Amino acid sequence: MATMKSVRTAGVGKVEVVDAERPVPGPGDALVRVRACGICGTDVAFLHRGGMPAHAHLGGETVPVPLGHEPAGEVVEVGADVTGLAVGDRVVVNPQDAPSGIIGCGGRYGAMSEYLLIENAEVGRSVAVFPATVPFDVASLNEPMAVARHCVNRSEAKPHDKVVVFGAGPIGLGAVIWLKLRGVEHVVVVDVIPSRLEKALAVGADAVIDSSRQDVAARLTALHGQAANALGQPRPSTDIFIDAAGAPAVFDTVVRSAKWHARLVMVAVQKKGSEIDLGGMLRSELTLVASQGYPTEIFEVTPEIVEHHERFAKLISHRVPATEVERAFELALTPGAAEKVVVTFDAPDSRETPERLTTDTPRDMAS
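Keep in mind the model is a prediction, meaning the values are calculated, not measured.

## Notes on the environment of glycine 167
Topologically, glycine 167 is positioned in the loop between β10 (162-166) and α4 (170-181). Overall, the relative accessible area of 8% leaves glycine 167 in the buried class. Separated by 33 residues in sequence, glycine 167 and alanine 200 place their C-alpha atoms 9.7 Å apart.

## Focus: the packing of helix α1 (residues 41-49) against helix α11 (residues 325-333)
Between α1 and α11, the shortest axis-to-axis distance is 10 Å and the interhelical angle comes to 90 degrees. On the basis of the axis angle, α1 is roughly perpendicular to α11. Taking contact as the criterion, the partners of Asp43, Val44, Leu47 and His48 in α1 are, on α11, Phe329, Ala332 and Leu333. A breakdown of the residues in the contact of α1 with α11 according to their chemical character gives 5 nonpolar, 1 polar and 1 charged.

## A word on the environment of threonine 42
Inspection of the secondary structure assignment puts threonine 42 in helix α1. By relative accessible area, threonine 42 is classed as partly exposed at 33%. Once residues lying within four places of it in the same chain are set aside, the contact partners of threonine 42 are His69 and Cys105.

## A short note on the environment of glutamate 304
Considering the arrangement of structural elements, one finds glutamate 304 in helix α9 (residues 302-307). With a relative accessible area of 23%, glutamate 304 lands in the partly exposed category. Separated by 291 residues in sequence, glutamate 304 and glycine 13 place their C-alpha atoms 35 Å apart. With residues near it in sequence (within four places) discarded, glutamate 304 still touches Arg149, Trp178, Leu181 and Phe312.

## A word on the pairing of β10
Counting buried positions along β10 yields 5 of 5 residues, so the element is predominantly enclosed. Judged by which residues are buried, β10 turns out to be covered on both faces: Lys162, Val164 and Phe166 on one side and Val163 and Val165 on the other are all buried. The pairing of β10 with strand β11 (residues 186-191) spans 5 bridges and is parallel. For valine 163, the partnering residue across the bridge sits in β11 and is valine 187. Taken together, the 4 bridges between β10 and strand β15 (residues 240-243) define a ladder with parallel strand orientation. Its bridge partner being in β15, valine 165 is matched across the sheet by isoleucine 242.

## Let's talk about unusual backbone geometry
Not every positive phi belongs to a glycine, and asparagine 120 is a case in point at roughly 50 degrees. By the element assignment, asparagine 120 lies in the loop between β8 (115-118) and β9 (127-129). Taking relative accessible area as the criterion, asparagine 120 reaches 42% and is therefore assigned partly exposed. Despite not being glycine, histidine 261 shows a phi value in the positive range, around 70 degrees. The topology assignment puts histidine 261 in the loop between α7 (248-257) and β16 (263-266). Overall, the relative accessible area of 44% leaves histidine 261 in the partly exposed class.

## A word on the nonpolar core
In this structure, Leu179, Val189, Ile242 and Phe312 are the most contacted members of the largest nonpolar core, which totals 50 residues. Elements that contribute at least two residues to this core include exactly α2 (136-139), α3 (142-155), β10, α4, β11, α5 (194-202), β15 and α10 (309-313). Each residue touching phenylalanine 312, except ones within four places of it in the same chain, is listed here: Val138, Leu141, Met145, Ile177, Trp178, Glu304 and Ile305. Core analysis: the next-biggest nonpolar cluster, separate from the first, contains 36 residues, Val7, Cys37, Val65 and Leu67 among them.

Parameters and conventions
Residues numbered from 1 in each chain as written. Predicted model: local features only at pLDDT ≥ 70, side-chain atom pairs only at ≥ 80, totals over all residues. Heavy atoms only, no water. Helix = DSSP H or I, 4+ residues; strand = E, 2+ residues; numbered from the N terminus. Buried < 20%, exposed > 50% of the residue type's maximum accessible area, 1.4 Å probe, protein only. Axes fitted to C-alpha atoms, helices over the stretch in contact; angles between N-to-C directions. Parallel < 35°, antiparallel > 145°, perpendicular 65-115°, else oblique. Contact = heavy atoms within 4.5 Å. Nonpolar A, V, L, I, M, F, W, Y, C, P; charged D, E, K, R; others polar. Pairing = 2+ DSSP bridges. Core = buried A, V, L, I, M, F, W, Y, C linked by side-chain atoms within 4.5 Å.

Structure follows, in structure tokens:
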């Protein structure tokens, strides 16, 4: 039996590299050699819980979760019935299309592995092919950028709109890029970490606000002009608020700042519940729009990531080789330590030296 290395949860805050059976593709499947896989906030959530409940509706003990749902890799084997794919094709993956369960989110397979089985492989549904001009690490941003794109689509932002994005993590910064590519006039980013605010400007934000030191409503008024709510009370003339932070303070700030008929798009997973000021929403006729996943966007974004890949590359703060995967997850688990961490896997015959966090010579993951 051929084996491969795969990463899964190993208790609260821990991961382990295990020997797993290397999948064998059937007639309708394809096998992908993973070359890069991003770490997502969902992965971190699994680690905080130590895995996934064995019976989600009953609670109880948790079971290990094969991690990773943001892969990019190259096809190494295709089944006899697969069309449109060939060995050597570079692909990104739709993790939600797997019939055995969402890849890396409780399904049978995780993409933080040397190989990933694409069940019922179909170009445009389960995979999309991208050119060699795009590095694997940048291509691995396809899935989170689809999340960000759906958020922007849900916002219905127009070029003349003035928008503020709360949270300069990968989804928030991805939303900034999509907003600017959409031609939106003015985009502001709010965060409390200076390096993230600098990154926001680098990817195209028109202005930034450090909410730990600045009054958000006052700064937005200075940047966007003054309007009013339904009662005539002064408010910033901001049209759209995007919550990519998931903190109760964001919702409170938006309600206090929203003008008449403003929109709030919630894309972040809310980490803690908050009391909703319904009266404040009423006074602004604030529209709350939820944004979940990527119903159509998973491969709609791929051509634009290819076209603008140098811009999207700026979102990656750390590229960590698979030989140091524990360090990669430590970074992801430490608040403020990293923005976007991508784990990279060398091809078996690669002579390239991957970018590392240290100059130490790592052990061979396959040993």
